[in-house]
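What follows is each chain in one-letter form.
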Amino acid sequence: MNEIEATKLNIGYPGKVLAENVTFSLAPGEIMSVLGPNGVGKSTLLKTMLSMITPVGENGEIRIEGTDLNDLTQAQRARKISALLTERFSAGNLDAREVVEAGRYPYTGHFGALTEDDKRITKKVSQELEISDLLDKKYSTLSDGQKQRVLLARALCQEPRILILDEPFSYLDINYRLKISKYLVKKAHEKNISIILTIQEPSQAYAISDQVLLLFDDGHFEFGTKEEILTEEKLRSLYHVTAFKFDRGTKNFIL
């Protein structure tokens, strides 16, 4: 059974459809990258998957482990899906530790008290993302890259079946881009987490993805394996450039 499946989604807003009949499926443990120029609806697609935006029109369906997304309660969604979006996160006066621990709230009782198991999970994820030394600092004092890793830790502490990431490598230096790319692939495979992420760099998408979804500025889409979709011809059409070349040795796209 697919972990997540979207069928004939019209994504956009009332009076403005950005992409039509978007259809894809993702098995447990697979990573799907979403690419396209600015304004085509990449973030809108992710928010639609999170029920933050309603699909345009009456057609279209999103199923999670075979169940219609609309049939899941808010609590069920919180245990199955977590996200890191591009909107600035306002943490007030919270420490980074409190932000990370918020990822466990779908599992805590009414009083929000963390169990020893919750603390073990947050400690493990914090160590893996190399933010242990940041936990006692005020979130507001962290650099943008540090905040990004803290928010990723919060999302992973939810132990989701599906992880949705909007530009997760934004603000990260080259070192952490490489580390977190490898980390996400490892997590997907070890925990059978299905990951959907928007990404700007085709070479990075090729390196980490199983499936790829391209959103074009004329409203159509293409979906398939990275080998099928990330081709010189398709990327030239996607970004309206003529110089894309694929180096078969390095597996990199170059302009």
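Just above sits the structure.
Figured I'd write up the structure that's included with this text. Nothing here was measured: the structure is a model prediction, and the numbers come from that model.

Let's talk about helix H6 (residues 174-191)
- Compared with the 26 Å implied by 1.5 Å per residue over 18 residues, the 25 Å span of H6 between its first and last C-alpha is a close match.
- Residues of H6 that are buried: Tyr-176, Ile-180, Ser-181, Tyr-183, Leu-184, Lys-187 and Ala-188.
- Of the surrounding elements, those touching the buried residues of H6 are strand S3 (31-35), helix H4 (116-128), helix H5 (144-157), strand S7 (162-166), strand S8 (194-198) and helix H7 (202-208).
- Positive backbone phi, approximately 55°, marks Asn-192, located one or two places after H6.

Brief notes about the nonpolar core
- Counting 49 residues, the largest nonpolar core has Leu-35, Leu-129 and Ile-195 as the members making the most contacts within it.
- It is H5 that contributes the most residues to this core, seven residues altogether.
- With residues up to four places along the chain from it excluded, the contact list for Leu-129 reads Arg-149, Leu-152, Ala-153, Leu-156, Ile-180 and Tyr-183.
- The next biggest cluster of nonpolar side chains, apart from the first, holds 26 residues, and it includes Phe-24, Leu-26, Leu-69 and Ile-162.

Quick look at the packing of H5 against H6
- At a minimum axis separation of 13 Å, H5 and H6 run at an interaxial angle of 5°. Overall, the two elements H5 and H6 adopt an arrangement that is roughly parallel. Contacts between H5 and H6 involve Arg-149, Leu-152 and Leu-156 from the first element and Tyr-176, Ile-180, Tyr-183 and Leu-184 from the second.
- Of the residues that constitute the contact of H5 with H6, the class distribution is six nonpolar, no polar and one charged.

Details of the pattern of salt bridges
- Under the defined criterion, the tally for this structure stands at 16 salt bridges.
- Arg-104 is the partner of Asp-118 in a salt bridge, and the nearest nitrogen-oxygen pair spans 2.9 Å. Highlighted residues: Asp-118 in helix H4 and Arg-104 in the loop between helix H3 (96-101) and H4, separated in sequence by 14 residues.
- The buried category is assigned to Arg-104, whose relative accessible area is 3%.
- Taking the shortest distance from any N to any O, the salt bridge between Glu-128 and Lys-187 comes out at 3.3 Å. Here Lys-187 lies in helix H6 and Glu-128 lies in helix H4, a separation of 59 residues in the sequence.
- Owing to a relative accessible area of 10%, Lys-187 belongs among the buried residues under this scheme.
- Where salt bridges share partners, they join Glu-3, Glu-65, Lys-80 and Arg-161 into one cluster.

Looking at helix H1 (residues 42-49)
- Buried residues dominate H1, accounting for seven of its eight residues.
- The complete set of buried residues in H1 reads Lys-42, Thr-44, Leu-45, Leu-46, Lys-47, Thr-48 and Met-49.
- Note on H1: the residue one or two positions beyond its end, Ser-51, has a positive phi of about 65°.

What counts, and at which threshold
Residues numbered from 1 in each chain as written. Predicted model: local features only at pLDDT ≥ 70, side-chain atom pairs only at ≥ 80, totals over all residues. Heavy atoms only, no water. Helix = DSSP H or I, 4+ residues; strand = E, 2+ residues; numbered from the N terminus. Expected span 1.5 Å × (residues − 1). Buried < 20%, exposed > 50% of the residue type's maximum accessible area, 1.4 Å probe, protein only. Contact = heavy atoms within 4.5 Å. Core = buried A, V, L, I, M, F, W, Y, C linked by side-chain atoms within 4.5 Å. Axes fitted to C-alpha atoms, helices over the stretch in contact; angles between N-to-C directions. Parallel < 35°, antiparallel > 145°, perpendicular 65-115°, else oblique. Nonpolar A, V, L, I, M, F, W, Y, C, P; charged D, E, K, R; others polar. Salt bridge = Lys/Arg side-chain N within 4 Å of Asp/Glu carboxyl O.

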